[in-house]
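# Structure assessment
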Amino acid sequence: MHFDIIVIGAGAAGMMCAAQAGMRGRRVLLIDHAEKLGERIRVSGGGRCNFTNRTVSADNYLSQNPHFCRSALARFSQFDFIAMMDKRRIPYHEREHGQLFCDESAQEIIDMLRDACEDAGVQWAFPCAVQQIKLQAAEAVKRYAVATDQGCFTCQSLVVATGGLAIPKIGASPFGYRLAEQFGIPVIPPKPALVPLALAPELLEAMKPLAGATLDATAQFDDAQFRENVLITHRGLSGPAILQISSYWQMQEYRAGKKQPVEIDLLPGLDAGAWLEEHRQGRVHLPNLLAEHLPRRFAHEWCALLGGEKMTIRPISELGRRDLEMIAGKLNAWPLMPAGTLGFAKAEVTLGGVSTDALSSKTMEAKAAPGLYFIGEVVDVTGWLGGYNFQWAWSSGWVAGQFA
Ligand SMILES: Cc1cc2nc3c(=O)[nH]c(=O)nc-3n(C[C@H](O)[C@H](O)[C@H](O)COP(=O)(O)OP(=O)(O)OC[C@H]3O[C@@H](n4cnc5c(N)ncnc54)[C@H](O)[C@@H]3O)c2cc1C
């Protein structure tokens with residue numbers, strides 16, 4: 001019942017770590033409370049797993065320490081994971097923004113990792129509930145004792161790979177955060193990220209006529225901006241551009257001060273003021289002009305929402321300069337203040353987590369608790385949409401697998 005390493009959490013990071021450590025000849029036990037292995041990999045990317053991205057750098061991640069992820073990403077890069085895919089002959093393809101997906105099924109990645117663990121002699125315990133963890137110190141030797149519903153196991157190194165809180169119904173739990181706190185390791189409060197944004201009922205009511213619109217727009221907040229689809233839904237804002245900006249909007253939770261809105265540039269790449277000025281003397285109606293770039297129904301309803309009925313019934317030449325300046329400003333930066341997010345049930349990842357200040361970026365070991373490692377999403381490193389979160393899981397799992 002004694003192992004060199006116990007890894008808790010058989011997801012992306014945990015399986016990668018266990019396989020690597022096993023290949024080094026370490027005796028490894030991999031524990032998970034779920035019935036099925038790698039459930040989050042299986043459901044990802046619409047069943048095809050967006051497993052990494054052609055271009056990965058620290059700029060694609062959010063963290064209280066944006067440099068922390070550099071070392072692991074450099075030591076096991078996207079190219080290393082692509083090489084694993086090639087070796088296993090798993091076919092994949094590239095979509096926009098360098099996103100790489102399996103051609104057939106995410107299950108192929110789960111099978112690859114599972115086989116890598118088996119080839120490396122990793123032992124499994126799942127479904128297995130962890131009840132308690134204690135540090136046993138006998139003379140100079142320290143061991144972690146892991147009490148489970150399948151008995152008590154001990155180990156020299158304990159790796160926590162229990163992920164974040166997104167989508168609780170597929171096995172997410174706060175286990176990793178609780179364990180960190182048990183060992184005095186600070187946790188940046190977890191928040192939903194890559195998540196649709198909710199709007200307050202009054203704003204939602206006013207925006208009802210816009211619901212259902214899909215726009216090619218830029219969502220912006222602070223210095224971050226993403227040009228992709230924005231969807232206006234009956235609950236608020238969604239679509240890839242919104243999911244991306246939601247993570248940055250959520251970072252405000254860690255700062256003092258008044259919350260700021262997100263802004264939507266409805267005419268990315270176009271100076272709305274100059275463009276409206278070109279047409280100012282014409283007889284065209286504003287919604288018809290905007291329909292050159294925006295869905296016609298949306299253009300009409302949006303003009304009425306922002307400027308009232310006159311914007312839709314008078315030709316542009318009869319609108320005042322102030323009105324046009326206001327509209328131009330809102331076309332390039334339409335401010336919308338979210339009331340919150342749709343929460344962990346609809347989030348793809350978790351912002352925050354085990355503080356990177358407490359971990360070694362080279363090994364992922366806790367500085368104050370030798371032999372205790374944290375990897376993957378449980379750590380305060382959150383990637384953009386586009387394969388970056390799996391890449392962090394592979395990279396951090398691989399690194400810990402070399403040292404634990
Ligand atoms: C719907 C969805 C789609 C996604 N699509 C993508 C995508 O296409 N590309 C991308 O890069 N990222 C995607 N992500 C994010 C990505 O899945 C995660 O960032 C990644 O899986 C994190 O890996 P991990 O190993 O840290 O955690 P997980 O993969 O979440 O693994 C954690 C494991 O720990 C186990 N566990 C949890 N608590 C306990 C406990 N108390 N005891 C024992 N075991 C426990 C869980 O059962 C699970 O197996 C998606 C997420 C979701 C929710």
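Residues numbered from 1 in each chain as written. Predicted model: local features only at pLDDT ≥ 70, side-chain atom pairs only at ≥ 80, totals over all residues.

### Observations regarding the overall build of the protein chain
Rules: Put simply, DSSP H or I for four residues or longer makes a helix, DSSP E for two residues or longer makes a strand, and each gets a number counted from the N terminus. Buried residues are those with 20 or more other C-beta atoms within 10 Å of their own C-beta, exposed residues have 12 or fewer, and partly exposed residues lie in between; C-beta atoms are placed from the backbone. We call two residues in contact when their backbone-placed C-beta atoms lie within 7 Å.
The number of helices and strands found in the protein chain is 14 helices and 21 strands. Overall size of the protein chain, expressed as C-alpha extent along the three principal axes, is 85 × 45 × 35 Å. Out of the 404 residues in the protein chain, the part that is buried amounts to 47%. Counted over contacts in the protein chain with a minimum sequence separation of 6, partners at least 24 positions apart contribute 72%.

### Side note on the site of the ligand
The cut-off we apply is this: Any residue qualifies as near a molecule or strand once its backbone-derived C-beta atom lies within 6 Å of it.
In the vicinity of the ligand, 36 residues are found, and the nearest of them are Gly9, Gly11, Gly163, Gly171 and Gly376. At the level of secondary structure, the elements contributing two or more residues to the shell around the ligand comprise α1 (12-23), α2 (39-43) and α14 (388-403).

### Observations concerning the packing of α1 against helix α5 (residues 107-119)
For the record, the criterion: Axes here refer to lines fitted to C-alpha atoms; in helices the fit is confined to the stretch in contact. Angles between the N-to-C directions go from 0 to 180 degrees. An angle below 35 degrees is treated as roughly parallel, one above 145 as roughly antiparallel, one from 65 to 115 as roughly perpendicular, and anything else as oblique. Handedness of a helix crossing follows the sense of rotation of the near helix relative to the far helix, less than a right angle counterclockwise being left-handed and clockwise being right-handed.
With their axes 8 Å apart at the nearest point, α1 and α5 run at an angle of 30° to one another. Comparing their axes, α5 and α1 come out roughly parallel. Relative to α5, α1 is oriented so that their crossing is left-handed. Residue-level contacts link Met15, Met16, Ala18, Ala19 and Gly22 of α1 to Leu113, Arg114, Ala116 and Cys117 of α5.

### Quick look at the environment of Thr148
Residue placement: Thr148 occurs in strand β9 (residues 141-148). The spacing of Thr148 and Cys128 is 20 residues in sequence and 6.7 Å in space, taken between C-alpha atoms. When near neighbours in sequence (up to four residues on either side) are disregarded, Thr148 contacts Ile31, Ala125, Cys128, Ala129, Val130, Gln131 and Phe153.

### Notes on the sheet that holds strand β5 (residues 92-94)
Hydrogen bonds along the backbone pair up the strands of a sheet, which may run parallel or antiparallel. We count it as follows: Strands are labelled as partners when DSSP assigns at least two bridges between them.
With respect to topology, 3 strands assemble into an open sheet ordered β3-β6-β5, the strand pairing being antiparallel. Edge positions in the open sheet fall to β3 (50-53) and β5, since each of these has one partner strand only. Between one strand and the next, the sheet's axes are offset by a mean angle of 30°, whatever the strand orientation. Those strands touched by helix α4 (residues 78-87) are β3 and β5, and its axis lies near 135° from that of β3.

### As for the environment of Glu263
Tracing the chain through its elements places Glu263 in strand β16 (residues 262-265). Taking the C-alpha atoms as reference, Glu263 lies 9.3 Å from Gln225; in sequence the two are 38 residues apart. Every residue in contact with Glu263, bar those within four places of it in the chain, is listed here: Gln220, Ala333, Trp334 and Pro335.

### Some words on the nonpolar core
Worth spelling out the cut-off: Here, a nonpolar core denotes buried Ala, Val, Leu, Ile, Met, Phe, Trp, Tyr and Cys residues that are linked to one another through C-beta atoms within 7 Å.
Formed by 125 residues in total, the largest nonpolar core has its most connected members in Ile6, Cys17, Val159 and Phe374. Apart from residues lying up to four places away in sequence, Val159 is in contact with Ile5, Val7, Cys17, Tyr373, Ile375, Ala400 and Ala404.

### A short note on the packing of α1 against α14
For clarity, the threshold we go by: Each residue is assigned to one class: nonpolar for Ala, Val, Leu, Ile, Met, Phe, Trp, Tyr, Cys and Pro, charged for Asp, Glu, Lys and Arg, and polar for all the others, Gly among them.
Running from N to C, α1 and α14 point in directions that differ by 30°, and their axes come no closer than 7 Å. Put simply, α1 runs roughly parallel to α14. Both α1 and α14 take part in a crossing whose hand is right-handed. Together, Ala12, Ala13, Gly14, Met16, Cys17, Ala19, Gln20 and Ala21 of α1 and Phe390, Ala393, Trp394, Ser396, Gly397, Trp398, Ala400, Gly401 and Gln402 of α14 make up the contact between the two elements. Residue composition of the contact of α1 with α14, by class: 11 nonpolar, 6 polar and no charged.

### Re α14
For clarity, the threshold we go by: Between the first and last residue of a helix there are one fewer steps than residues, each counted as 1.5 Å, and that sum is the expected span.
End to end, α14 covers 23 Å across 16 residues, agreeing with the expected 22 Å (1.5 Å per residue, within 8%). Among the 16 residues of α14, 14 are classified as buried, and the element is accordingly described as predominantly covered.

### Quick notes on the domain arrangement of the protein chain
Cut-off, in case you're wondering: What counts as a domain boundary in this text is fixed by an automatic or database domain assignment.
Each assigned domain of the protein chain is listed here: domain 1 (2-192 + 348-403) and domain 2 (197-341). Spacing between the C-alpha centres of domain 1 and domain 2 amounts to 39 Å. Facing the 9 residues of domain 1 at the interface are 9 residues of domain 2. Per-element tally for the side of domain 1 that touches domain 2: the top contributor is strand β11 (residues 187-193), with 3 residues.

### Let's talk about the sheet that holds strand β14 (residues 224-232)
Taken in spatial order, the 7 strands of this open sheet run β17-β16-β13-β14-β15-β12-β18, and their pairing is antiparallel. Looking at strand neighbours, the two that pair on one side only are β17 (334-336) and β18 (340-341), the edges of this open sheet. Here strand β13 (residues 214-221) pairs with β14 via 8 bridges, running antiparallel. Along β14, the bridge assignment pairs Thr214 with Leu231.

### A closer look at the pairing of strand β1 (residues 2-8)
Residues in a regular strand project their side chains so that they alternate between the two faces of the sheet. The line we're drawing: Note on handedness: a crossover is taken as right-handed if, strands pointing away from the viewer, the path from the first strand over the helix to the second is clockwise.
A large share of β1 lies buried, amounting to 5 of its 7 residues. Direction of pairing for β1 relative to strand β2 (residues 28-31): parallel, over a ladder of 4 bridges. Across the sheet, the residue bridging to Ile8 is Ile31, located in β2. In this region the chain leaves β1, passes through α1 and returns to the parallel neighbour β2; the handedness of that crossover is right-handed.

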